[in-house]
Amino acid sequence: MPITDCTSSPIYLDNAASTPILDEVITEMLPYFKEHYGNPSSLHRFGRVAMRAIENARLHVSSLIGSRQHEIIFTSGGTEANNLAIKGIAELVRKTNPEKNCIITSAIEHESILEAVRDMERKGFDVSYLPVTREAQVETSALKETIVDGRTALVSIMCSNNEVGTIQPISELATITHQKGGLFHTDAVQAVGKMPIDVKNLGVDLLSVSAHKINGPKGVGALYKREGLNLTATIQGGGQESNLRSGTENVQGIVGFGKACQVASQMLVTYETEVQALRNYMIDKVLRDIPNSRLNCQAQRRICNIAHFTFLGVNGEDLIIKLDELGIAASTGSACSLRRQKPSHVLKAMGFSYAELTGSLRLSTGILNTKEEIEQAVSLLSKAVRELRKLSPFELVSDKRN
Ligand SMILES: Cc1ncc(COP(=O)(O)O)c(C=O)c1O
(Lines give C-alpha, C1' and ligand atoms only; values in the text may rest on other atoms or scores of the structure.)
Protein backbone atom coordinates (compact mmCIF):
# COMPACT_ATOMS: atom_id res chain seq x y z
CA MET A 1 0.00 0.00 0.00
CA PRO A 2 1.44 3.41 -0.88
CA ILE A 3 1.79 5.77 2.08
CA THR A 4 -0.77 8.55 2.10
CA ASP A 5 -0.79 11.90 3.91
CA CYS A 6 -1.38 11.97 7.63
CA THR A 7 -4.93 12.36 8.82
CA SER A 8 -4.51 12.26 12.62
CA SER A 9 -2.74 14.85 14.79
CA PRO A 10 1.03 15.08 14.36
CA ILE A 11 3.37 13.29 16.75
CA TYR A 12 6.38 15.29 17.88
CA LEU A 13 9.45 13.13 18.47
CA ASP A 14 12.12 15.78 18.01
CA ASN A 15 12.43 17.08 21.58
CA ALA A 16 16.23 17.18 21.34
CA ALA A 17 15.85 19.87 18.64
CA SER A 18 13.32 21.91 20.61
CA THR A 19 10.49 21.37 23.04
CA PRO A 20 6.92 22.68 23.29
CA ILE A 21 6.62 25.60 25.71
CA LEU A 22 4.60 24.60 28.76
CA ASP A 23 1.37 26.48 29.49
CA GLU A 24 2.63 27.61 32.90
CA VAL A 25 5.73 29.07 31.22
CA ILE A 26 3.62 31.06 28.73
CA THR A 27 1.36 32.27 31.57
CA GLU A 28 4.42 33.51 33.46
CA MET A 29 5.76 35.32 30.39
CA LEU A 30 2.57 37.07 29.24
CA PRO A 31 2.56 40.02 31.70
CA TYR A 32 6.07 40.91 30.54
CA PHE A 33 4.77 41.46 27.01
CA LYS A 34 1.69 43.43 28.06
CA GLU A 35 2.08 45.23 31.40
CA HIS A 36 5.67 45.00 32.55
CA TYR A 37 7.37 46.28 29.43
CA GLY A 38 9.90 48.52 31.14
CA ASN A 39 13.61 48.44 30.43
CA PRO A 40 15.35 46.74 33.37
CA SER A 41 18.02 49.45 33.33
CA SER A 42 15.43 52.22 33.88
CA LEU A 43 15.21 53.72 37.36
CA HIS A 44 11.41 54.02 37.46
CA ARG A 45 8.98 51.37 38.69
CA PHE A 46 8.58 49.74 35.26
CA GLY A 47 12.31 49.22 35.16
CA ARG A 48 12.43 47.91 38.71
CA VAL A 49 9.67 45.37 38.04
CA ALA A 50 11.55 44.08 34.99
CA MET A 51 14.84 43.89 36.92
CA ARG A 52 13.18 42.02 39.79
CA ALA A 53 11.78 39.51 37.31
CA ILE A 54 15.24 38.92 35.86
CA GLU A 55 16.74 38.35 39.31
CA ASN A 56 13.92 35.96 40.20
CA ALA A 57 14.59 33.99 37.01
CA ARG A 58 18.32 33.99 37.80
CA LEU A 59 17.47 32.32 41.11
CA HIS A 60 15.55 29.52 39.36
CA VAL A 61 18.29 28.93 36.78
CA SER A 62 20.98 28.85 39.44
CA SER A 63 19.08 26.47 41.70
CA LEU A 64 18.56 24.01 38.81
CA ILE A 65 22.34 23.69 38.33
CA GLY A 66 23.49 24.22 41.93
CA SER A 67 25.22 27.56 41.36
CA ARG A 68 24.95 30.92 43.06
CA GLN A 69 22.71 33.53 41.49
CA HIS A 70 25.50 35.91 40.54
CA GLU A 71 27.29 33.12 38.67
CA ILE A 72 24.61 33.12 35.93
CA ILE A 73 25.00 35.30 32.81
CA PHE A 74 21.91 35.42 30.58
CA THR A 75 22.58 35.06 26.86
CA SER A 76 20.55 34.62 23.67
CA GLY A 77 20.83 30.84 23.98
CA GLY A 78 23.21 27.90 24.06
CA THR A 79 25.13 29.06 20.97
CA GLU A 80 26.00 32.42 22.49
CA ALA A 81 26.84 30.86 25.86
CA ASN A 82 29.25 28.46 24.12
CA ASN A 83 30.85 31.28 22.12
CA LEU A 84 31.21 33.44 25.20
CA ALA A 85 32.86 30.61 27.14
CA ILE A 86 35.36 29.70 24.43
CA LYS A 87 36.26 33.17 23.16
CA GLY A 88 35.87 34.98 26.46
CA ILE A 89 38.25 32.65 28.29
CA ALA A 90 40.79 31.78 25.62
CA GLU A 91 41.79 35.33 24.69
CA LEU A 92 41.97 36.45 28.31
CA VAL A 93 44.06 33.51 29.50
CA ARG A 94 46.48 33.87 26.60
CA LYS A 95 46.84 37.58 27.31
CA THR A 96 47.86 36.97 30.91
CA ASN A 97 49.89 33.83 30.14
CA PRO A 98 51.05 33.56 26.48
CA GLU A 99 52.26 29.99 27.13
CA LYS A 100 48.65 28.87 27.51
CA ASN A 101 47.92 28.67 23.83
CA CYS A 102 46.07 25.33 23.65
CA ILE A 103 42.35 24.53 23.53
CA ILE A 104 41.07 20.97 23.75
CA THR A 105 37.62 19.85 22.70
CA SER A 106 36.06 16.67 21.30
CA ALA A 107 35.25 15.64 17.73
CA ILE A 108 31.51 15.34 18.54
CA GLU A 109 30.72 18.80 19.92
CA HIS A 110 27.85 20.95 18.72
CA GLU A 111 28.68 23.31 15.83
CA SER A 112 28.55 26.29 18.18
CA ILE A 113 31.62 24.90 19.96
CA LEU A 114 33.39 23.64 16.85
CA GLU A 115 32.97 26.93 14.96
CA ALA A 116 34.09 28.95 17.98
CA VAL A 117 37.27 26.89 18.42
CA ARG A 118 37.95 27.02 14.66
CA ASP A 119 37.82 30.79 15.00
CA MET A 120 40.35 30.62 17.82
CA GLU A 121 42.50 28.31 15.68
CA ARG A 122 42.56 31.01 12.99
CA LYS A 123 43.70 33.41 15.72
CA GLY A 124 46.73 31.25 16.49
CA PHE A 125 45.47 28.84 19.14
CA ASP A 126 46.58 25.24 18.99
CA VAL A 127 43.34 23.20 19.02
CA SER A 128 43.08 19.43 19.67
CA TYR A 129 39.95 17.40 18.95
CA LEU A 130 39.70 14.33 21.18
CA PRO A 131 38.47 11.19 19.39
CA VAL A 132 35.52 9.16 20.67
CA THR A 133 34.71 5.46 20.91
CA ARG A 134 32.06 3.68 18.82
CA GLU A 135 29.61 4.67 21.62
CA ALA A 136 30.58 8.36 21.32
CA GLN A 137 32.45 8.25 24.61
CA VAL A 138 35.32 10.66 25.28
CA GLU A 139 37.86 8.63 27.23
CA THR A 140 39.72 10.22 30.12
CA SER A 141 42.90 8.55 28.82
CA ALA A 142 42.57 10.56 25.57
CA LEU A 143 42.56 13.80 27.54
CA LYS A 144 45.49 12.68 29.71
CA GLU A 145 47.52 11.91 26.57
CA THR A 146 46.71 15.24 24.92
CA ILE A 147 46.83 17.80 27.70
CA VAL A 148 50.22 19.38 28.37
CA ASP A 149 51.00 20.80 31.80
CA GLY A 150 50.65 24.58 31.89
CA ARG A 151 49.88 24.92 28.17
CA THR A 152 46.09 24.52 28.06
CA ALA A 153 43.84 27.53 28.43
CA LEU A 154 40.55 25.68 28.14
CA VAL A 155 39.05 22.21 27.74
CA SER A 156 35.46 22.11 26.48
CA ILE A 157 33.62 18.77 26.43
CA MET A 158 29.84 18.48 26.13
CA CYS A 159 27.89 16.91 28.95
CA SER A 160 25.54 14.89 26.74
CA ASN A 161 25.66 14.55 22.97
CA ASN A 162 22.76 16.01 21.00
CA GLU A 163 22.69 13.31 18.31
CA VAL A 164 23.21 10.01 20.13
CA GLY A 165 22.88 11.03 23.78
CA THR A 166 26.14 9.73 25.28
CA ILE A 167 26.92 11.29 28.68
CA GLN A 168 30.58 12.17 29.22
CA PRO A 169 32.55 11.72 32.49
CA ILE A 170 32.59 15.46 33.14
CA SER A 171 33.89 15.55 36.71
CA GLU A 172 36.83 13.25 35.84
CA LEU A 173 37.65 15.31 32.75
CA ALA A 174 37.44 18.55 34.77
CA THR A 175 39.76 17.15 37.45
CA ILE A 176 42.39 16.13 34.87
CA THR A 177 42.14 19.59 33.28
CA HIS A 178 42.59 21.39 36.60
CA GLN A 179 45.57 19.21 37.52
CA LYS A 180 47.26 20.47 34.35
CA GLY A 181 46.38 24.11 35.04
CA GLY A 182 43.53 24.51 32.55
CA LEU A 183 39.93 25.69 32.86
CA PHE A 184 36.97 23.45 32.07
CA HIS A 185 33.75 24.26 30.19
CA THR A 186 30.86 21.94 29.44
CA ASP A 187 28.01 22.44 26.98
CA ALA A 188 25.15 21.05 29.09
CA VAL A 189 22.37 22.17 26.73
CA GLN A 190 21.10 18.60 26.23
CA ALA A 191 21.70 17.49 29.80
CA VAL A 192 20.15 20.15 32.03
CA GLY A 193 16.64 19.20 33.09
CA LYS A 194 17.16 15.57 31.99
CA MET A 195 19.68 14.50 34.64
CA PRO A 196 20.86 16.02 37.92
CA ILE A 197 23.41 18.74 37.22
CA ASP A 198 25.38 20.39 39.99
CA VAL A 199 28.22 22.65 38.88
CA LYS A 200 30.04 22.22 42.18
CA ASN A 201 29.89 18.40 42.09
CA LEU A 202 30.94 18.41 38.46
CA GLY A 203 33.78 20.79 39.29
CA VAL A 204 33.34 22.81 36.09
CA ASP A 205 34.35 26.45 35.65
CA LEU A 206 31.79 27.23 32.95
CA LEU A 207 28.57 25.55 31.81
CA SER A 208 26.09 26.42 29.02
CA VAL A 209 22.30 26.05 29.18
CA SER A 210 19.46 26.77 26.72
CA ALA A 211 15.80 27.43 27.58
CA HIS A 212 14.12 25.92 24.53
CA LYS A 213 15.45 22.43 25.30
CA ILE A 214 13.62 22.39 28.62
CA ASN A 215 10.12 23.50 27.56
CA GLY A 216 11.03 27.19 27.70
CA PRO A 217 11.18 29.87 24.99
CA LYS A 218 13.70 30.10 22.16
CA GLY A 219 16.36 32.80 22.03
CA VAL A 220 17.40 32.68 25.68
CA GLY A 221 20.00 30.72 27.62
CA ALA A 222 22.76 31.20 30.15
CA LEU A 223 26.39 30.69 30.87
CA TYR A 224 27.38 29.66 34.38
CA LYS A 225 30.71 31.26 35.26
CA ARG A 226 32.37 30.21 38.50
CA GLU A 227 32.74 33.06 40.99
CA GLY A 228 36.12 34.74 40.71
CA LEU A 229 36.77 33.61 37.15
CA ASN A 230 37.55 36.40 34.71
CA LEU A 231 35.96 36.48 31.29
CA THR A 232 36.16 38.90 28.36
CA ALA A 233 32.80 40.01 26.98
CA THR A 234 32.15 39.19 23.34
CA ILE A 235 29.32 41.73 23.03
CA GLN A 236 30.08 45.25 24.23
CA GLY A 237 27.64 48.05 24.98
CA GLY A 238 25.63 49.21 27.97
CA GLY A 239 27.26 46.83 30.45
CA GLN A 240 24.27 44.62 31.30
CA GLU A 241 24.85 41.22 32.92
CA SER A 242 27.80 42.45 34.98
CA ASN A 243 29.44 43.86 31.86
CA LEU A 244 29.66 40.38 30.35
CA ARG A 245 26.71 40.52 27.96
CA SER A 246 25.58 43.96 26.92
CA GLY A 247 22.20 44.65 25.34
CA THR A 248 18.75 45.25 26.79
CA GLU A 249 17.72 41.99 28.41
CA ASN A 250 15.14 39.70 26.79
CA VAL A 251 12.95 40.10 29.89
CA GLN A 252 9.99 37.94 28.82
CA GLY A 253 12.36 35.24 27.53
CA ILE A 254 14.36 35.27 30.74
CA VAL A 255 11.16 35.07 32.81
CA GLY A 256 10.05 32.05 30.73
CA PHE A 257 13.48 30.48 31.12
CA GLY A 258 13.29 30.91 34.90
CA LYS A 259 9.86 29.28 35.03
CA ALA A 260 11.01 26.43 32.77
CA CYS A 261 13.94 25.82 35.15
CA GLN A 262 11.62 25.82 38.15
CA VAL A 263 9.36 23.25 36.46
CA ALA A 264 12.38 21.23 35.29
CA SER A 265 13.60 20.94 38.89
CA GLN A 266 10.22 19.55 39.91
CA MET A 267 10.02 17.27 36.86
CA LEU A 268 13.52 15.83 37.00
CA VAL A 269 12.34 12.54 38.46
CA THR A 270 9.57 12.33 35.84
CA TYR A 271 12.16 12.82 33.13
CA GLU A 272 14.47 10.23 34.54
CA THR A 273 11.73 7.67 34.99
CA GLU A 274 8.72 8.27 32.72
CA VAL A 275 10.40 9.92 29.73
CA GLN A 276 13.14 7.32 29.90
CA ALA A 277 10.61 4.47 30.15
CA LEU A 278 8.78 5.82 27.10
CA ARG A 279 12.05 6.14 25.18
CA ASN A 280 13.00 2.56 26.13
CA TYR A 281 9.56 1.28 25.12
CA MET A 282 10.05 2.96 21.75
CA ILE A 283 13.52 1.41 21.33
CA ASP A 284 12.24 -2.10 22.10
CA LYS A 285 9.33 -1.70 19.72
CA VAL A 286 11.47 -0.37 16.86
CA LEU A 287 14.01 -3.17 17.22
CA ARG A 288 11.28 -5.80 17.44
CA ASP A 289 8.96 -4.53 14.70
CA ILE A 290 11.40 -3.22 12.08
CA PRO A 291 13.79 -5.74 10.50
CA ASN A 292 17.40 -4.68 10.01
CA SER A 293 17.08 -1.80 12.45
CA ARG A 294 19.87 -1.01 14.83
CA LEU A 295 20.13 1.15 17.93
CA ASN A 296 23.24 3.29 17.73
CA CYS A 297 24.98 4.09 20.96
CA GLN A 298 24.37 1.70 23.80
CA ALA A 299 26.72 3.59 26.10
CA GLN A 300 26.00 2.76 29.71
CA ARG A 301 25.44 6.40 30.52
CA ARG A 302 23.22 8.09 27.97
CA ILE A 303 20.63 10.79 28.27
CA CYS A 304 17.09 9.61 28.97
CA ASN A 305 15.21 11.08 26.00
CA ILE A 306 17.28 10.33 22.87
CA ALA A 307 17.25 7.20 20.72
CA HIS A 308 19.33 7.00 17.57
CA PHE A 309 18.76 4.29 14.96
CA THR A 310 20.15 3.12 11.66
CA PHE A 311 17.86 1.51 9.08
CA LEU A 312 20.15 0.02 6.50
CA GLY A 313 19.03 0.51 2.93
CA VAL A 314 17.18 3.74 3.75
CA ASN A 315 18.25 7.33 3.25
CA GLY A 316 17.73 9.28 6.48
CA GLU A 317 16.60 12.48 4.74
CA ASP A 318 14.03 10.55 2.67
CA LEU A 319 12.82 8.92 5.85
CA ILE A 320 12.36 12.27 7.61
CA ILE A 321 10.32 13.58 4.67
CA LYS A 322 8.19 10.44 4.53
CA LEU A 323 7.62 10.55 8.28
CA ASP A 324 6.66 14.20 8.03
CA GLU A 325 4.02 13.31 5.44
CA LEU A 326 2.73 10.78 7.94
CA GLY A 327 2.62 13.37 10.71
CA ILE A 328 5.74 12.38 12.63
CA ALA A 329 8.42 14.94 13.43
CA ALA A 330 11.86 13.32 13.66
CA SER A 331 15.41 14.20 12.77
CA THR A 332 18.61 12.71 11.43
CA GLY A 333 20.59 14.45 14.17
CA SER A 334 21.41 18.09 14.76
CA ALA A 335 18.67 20.52 13.76
CA CYS A 336 20.69 23.55 14.62
CA SER A 337 22.73 23.89 11.44
CA LEU A 338 20.27 25.54 9.08
CA ARG A 339 19.05 22.39 7.33
CA ARG A 340 22.52 21.65 5.99
CA GLN A 341 22.45 18.18 4.56
CA LYS A 342 25.94 16.97 5.26
CA PRO A 343 26.93 13.69 6.88
CA SER A 344 26.94 13.89 10.67
CA HIS A 345 30.40 14.68 12.09
CA VAL A 346 29.31 12.83 15.24
CA LEU A 347 28.57 9.56 13.47
CA LYS A 348 31.74 9.94 11.41
CA ALA A 349 33.77 10.36 14.60
CA MET A 350 32.07 7.22 15.96
CA GLY A 351 33.44 5.33 12.97
CA PHE A 352 30.21 4.77 11.02
CA SER A 353 30.36 3.59 7.41
CA TYR A 354 28.71 5.64 4.66
CA ALA A 355 25.65 3.33 4.57
CA GLU A 356 25.23 3.56 8.35
CA LEU A 357 25.61 7.34 8.26
CA THR A 358 22.95 7.88 5.64
CA GLY A 359 20.32 5.57 7.12
CA SER A 360 20.16 7.18 10.54
CA LEU A 361 17.26 8.63 12.47
CA ARG A 362 17.04 10.37 15.85
CA LEU A 363 13.81 10.09 17.83
CA SER A 364 13.66 12.11 21.03
CA THR A 365 10.83 11.93 23.53
CA GLY A 366 9.54 14.61 25.90
CA ILE A 367 7.23 15.10 28.84
CA LEU A 368 4.16 15.59 26.64
CA ASN A 369 4.51 12.36 24.61
CA THR A 370 2.24 9.39 25.34
CA LYS A 371 2.55 5.62 24.95
CA GLU A 372 -0.23 5.69 22.32
CA GLU A 373 1.80 8.17 20.29
CA ILE A 374 4.85 5.93 20.45
CA GLU A 375 2.83 2.93 19.29
CA GLN A 376 1.37 4.84 16.37
CA ALA A 377 4.71 6.41 15.47
CA VAL A 378 6.58 3.09 15.40
CA SER A 379 3.88 1.48 13.29
CA LEU A 380 4.10 4.34 10.76
CA LEU A 381 7.90 4.30 10.91
CA SER A 382 7.82 0.60 10.10
CA LYS A 383 5.66 1.28 7.03
CA ALA A 384 7.87 4.16 5.92
CA VAL A 385 11.05 2.08 6.20
CA ARG A 386 9.43 -0.76 4.23
CA GLU A 387 8.32 1.60 1.46
CA LEU A 388 11.72 3.24 1.15
CA ARG A 389 13.54 -0.07 1.15
CA LYS A 390 11.45 -1.19 -1.82
CA LEU A 391 13.02 1.69 -3.76
CA SER A 392 16.50 1.06 -2.40
CA PRO A 393 19.29 -0.61 -4.37
CA PHE A 394 20.38 -2.40 -1.13
CA GLU A 395 19.42 -6.07 -0.87
CA LEU A 396 17.89 -6.70 2.52
CA VAL A 397 16.64 -10.26 2.35
CA SER A 398 14.63 -10.32 5.55
CA ASP A 399 12.76 -7.17 4.59
CA LYS A 400 11.65 -8.43 1.17
CA ARG A 401 9.33 -10.85 2.95
CA ASN A 402 7.25 -8.02 4.38
C1 LIG B 1 24.46 20.37 22.53
C2 LIG B 1 23.93 21.68 22.02
N3 LIG B 1 24.64 22.80 22.26
C4 LIG B 1 24.22 24.00 21.85
C5 LIG B 1 23.05 24.15 21.16
C6 LIG B 1 22.61 25.50 20.72
O7 LIG B 1 21.62 26.02 21.57
P8 LIG B 1 20.67 27.22 21.07
O9 LIG B 1 19.73 26.63 20.08
O10 LIG B 1 20.00 27.70 22.31
O11 LIG B 1 21.56 28.25 20.47
C12 LIG B 1 22.27 23.00 20.87
C13 LIG B 1 21.03 23.10 20.07
O14 LIG B 1 20.60 22.15 19.50
C15 LIG B 1 22.73 21.75 21.33
O16 LIG B 1 22.03 20.63 21.11
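Whatever comes next refers back to the structure up there.
What counts, and at which threshold
- Residue numbers here run from 1 along each chain, matching the order of that chain's written sequence.
- Local features in a predicted model are, by the rule used here, given only for residues with pLDDT of at least 70; side-chain atom pairs are given and counted only at 80 or more, and totals for whole chains, interfaces and linings are based on all residues.
- Only heavy atoms go into the side-chain values, all of them from the structure, while hydrogens and water stay out.
- Pairing between strands is defined by DSSP: at least two bridges between them are needed.
- In DSSP terms, a helix is any run of H or I states spanning at least four residues, a strand is any run of E spanning at least two, and both are numbered starting from the N terminus.
- Whenever a helix is involved, its axis is fitted only over the stretch in contact; in every case the axis is a line through C-alpha atoms, and angles between N-to-C directions fall within 0 to 180 degrees.
- Throughout this description, the term salt bridge denotes a Lys or Arg side-chain nitrogen within 4 Å of a carboxyl oxygen of Asp or Glu.
- The buried label goes to any residue with under 20% of its type's maximum accessible area, the exposed label to any with over 50%, and the partly exposed label to all in between, with areas taken from a 1.4 Å probe on protein chains only.
- Only residues whose relative accessible area exceeds 30% and that take part in no salt bridge are eligible for patches, with like-charged residues grouped when within 9 Å of each other and nonpolar side chains (Val, Leu, Ile, Met, Phe, Trp, Tyr) grouped when within 5 Å.
- The Shrake-Rupley method, run with a 1.4 Å probe, gives the accessible areas here. Residue values count only the displayed protein chains as cover.
- Multiplying one less than the number of residues by 1.5 Å gives the expected span of a helix.
- His is not counted here, nor are the chain ends, while Lys and Arg score as positive and Asp and Glu score as negative.
- Whenever a nitrogen or oxygen atom comes within 3.5 Å of another N or O atom, the pair is scored as a polar contact, on the condition that within protein one atom can donate a hydrogen and the other can accept it, and that pairs from neighbouring residues in sequence are kept only if both atoms are in side chains.
- Between two residues, a contact is recorded if the distance between any of their heavy atoms is within 4.5 Å.
- Any angle that is under 35 degrees is reported as roughly parallel, and any over 145 degrees as roughly antiparallel; angles of 65 to 115 degrees are reported as roughly perpendicular and all others as oblique.
- Handedness of a helix crossing follows the sense of rotation of the near helix relative to the far helix, less than a right angle counterclockwise being left-handed and clockwise being right-handed.
- For this scheme, ten residues count as nonpolar: Ala, Val, Leu, Ile, Met, Phe, Trp, Tyr, Cys and Pro. Four count as charged, namely Asp, Glu, Lys and Arg, and the remainder, Gly too, count as polar.
- Stacked, tilted and edge-to-face are the three classes assigned to paired rings of Phe, Tyr and Trp, where Trp is represented by its six-membered ring and a pair needs centres within 6.5 Å; plane angles under 30 degrees give stacked, over 60 edge-to-face, the rest tilted.
- Lysine NZ or arginine CZ positioned within 6 Å of the ring centre and within 35 degrees of the ring normal marks a charge as sitting over the ring.

Enquirer: I keep staring at the sheet that holds strand β12 (residues 360-364) and nothing clicks. Help me out?
Expert: Sheets are built from strands that pair by backbone hydrogen bonding, the pairs being arranged parallel or antiparallel. Ordered in space as β9-β10-β12, the 3 strands form an open sheet in which the pairing is antiparallel. If you trace the sheet from one side to the other, it starts and ends with β9 (293-296) and β12, each paired once. Across the sheet, the axes of successive neighbouring strands diverge by a mean angle of 30°, strand direction being ignored. With 4 bridges joining them, β9 and strand β10 (residues 306-311) adopt antiparallel strand pairing. Counted as the bridge partner of Arg294 is Thr310 from β10.

Enquirer: How do you make sense of the pattern of salt bridges when you look at a structure like this?
Expert: Where charged atoms from two side chains of opposite charge come close, those side chains can pair. Summed over the entire model, instances satisfying the criterion amount to 19 salt bridges. Glu111 is the salt-bridge partner of Arg118, the closest N and O atoms lying 3.8 Å from each other. In this structure Glu111 comes out as buried when scored by relative accessible area, which is 11%. A salt bridge links Lys123 to Asp119; the shortest N-O distance between them is 3.2 Å. A single network of salt bridges, built from pairs that share partners, joins Arg68, Glu71, Lys200 and Glu227.

Enquirer: What should I look at first to understand a nonpolar patch on the surface in this one?
Expert: Among the surface-exposed residues, Ile21, Ile26, Leu30 and Phe33 lie close enough to one another that they form a single nonpolar patch of about 340 Å² accessible area. Relative to the elements of secondary structure, Ile26 occurs in helix α1 (residues 23-29). Using a relative accessible area of 37% as the deciding quantity, one classes Ile26 as partly exposed.

Enquirer: Teacher, can you tell me more about helix α13 (residues 371-390) here?
Expert: Since one α-helical turn is 3.6 residues long, residues separated by three or four positions face the same way. With 20 residues, α13 should cover 28 Å at 1.5 Å per step; its first-to-last C-alpha distance of 29 Å lies within 8% of that length. If you check which residues of α13 are buried, you get Ile374, Ala377, Val378, Leu380, Leu381, Ser382, Ala384, Val385, Glu387, Leu388 and Arg389.

Enquirer: Got a minute to help me understand the side chain of Lys194 in this structure?
Expert: Relative to the elements of secondary structure, Lys194 occurs in the loop between β6 (183-187) and α8 (199-202). Put simply, Lys194 is tucked away with no salt bridge, and the nearest opposite charge, on Asp187, sits 11 Å away. From its side chain, Lys194 meets the backbone oxygen of Lys213 in a polar contact 3.2 Å long. The contacts of Lys194, once residues within four sequence positions are left out, are Lys213, Ile214, Leu268, Tyr271, Glu272, Ile303, Cys304 and Asn305.

Enquirer: What should I look at first to understand the packing of helix α4 (residues 78-96) against helix α5 (residues 111-122) in this one?
Expert: Helix packing geometry: the angle between the two helix axes and the distance between the axes. Interhelical geometry of α4 versus α5 gives an angle of 25° and a closest axis separation of 9 Å. Compared by their axis directions, α4 and α5 come out roughly parallel. Note that α4 runs across α5; the crossing there is right-handed. Listed contacts from α5 to Thr79, Asn82, Asn83, Ile86, Lys87, Ala90 and Glu91 of α4 are Ser112, Ile113, Ala116, Val117, Asp119 and Met120. The residue makeup of the contact of α4 with α5, split by class, is 6 nonpolar, 4 polar and 3 charged.

Enquirer: Any chance you could explain the packing of helix α3 (residues 45-65) against helix α9 (residues 251-289) here in plain terms?
Expert: Where α3 meets α9, the closest approach of the two axes is 8 Å, and the angle between their N-to-C directions is 30°. Here the hand of the crossing between α3 and α9 comes out left-handed. Together, Ala50, Ala53, Ile54, Ala57, His60, Val61 and Leu64 of α3 and Val251, Ile254, Val255, Phe257, Gly258, Cys261, Gln262, Ala264 and Ser265 of α9 make up the contact between the two elements. In the contact of α3 with α9, the residues fall into 12 nonpolar, 4 polar and no charged.

Enquirer: Explain the side chain of His110 to me, please; I cannot follow it from the model alone.
Expert: Inspection of the secondary structure assignment puts His110 in the loop between β3 (102-106) and α5. Residue class for His110 comes out buried when judged on its relative accessible area of 14%. Within the local environment of His110, its side chain forms a polar contact with the side chain of Ser112, the two groups lying 2.7 Å apart.

Enquirer: Got a minute to help me understand the packing of aromatic side chains in this structure?
Expert: Applying the stated criterion across every chain yields a total of 3 aromatic pairs. Plain terms: the ring middles of Tyr37 and Phe46 are 5.4 Å apart, the flat faces sit at 25° to each other, and that makes the pair stacked. Residue classification places Phe46 among the partly exposed residues on the basis of a relative accessible area of 36%. Measuring from centroid to centroid gives 6.1 Å for Phe74 and Phe257, while their planes differ by 70°, and the two rings are edge-to-face. Placement of Phe74 in strand β2 (residues 72-75) and of Phe257 in helix α9 is noted, with a sequence separation of 183 residues between them. Phe74 sits in the buried class, given a relative accessible area of 3%. Its guanidinium or amino end placed over the ring of Phe352, Arg294 lies 5.5 Å from that ring's centre, counting from NZ or CZ. The residue whose ring lies beneath Lys371 is Tyr281, and the NZ or CZ to ring-centre distance is 4.8 Å.

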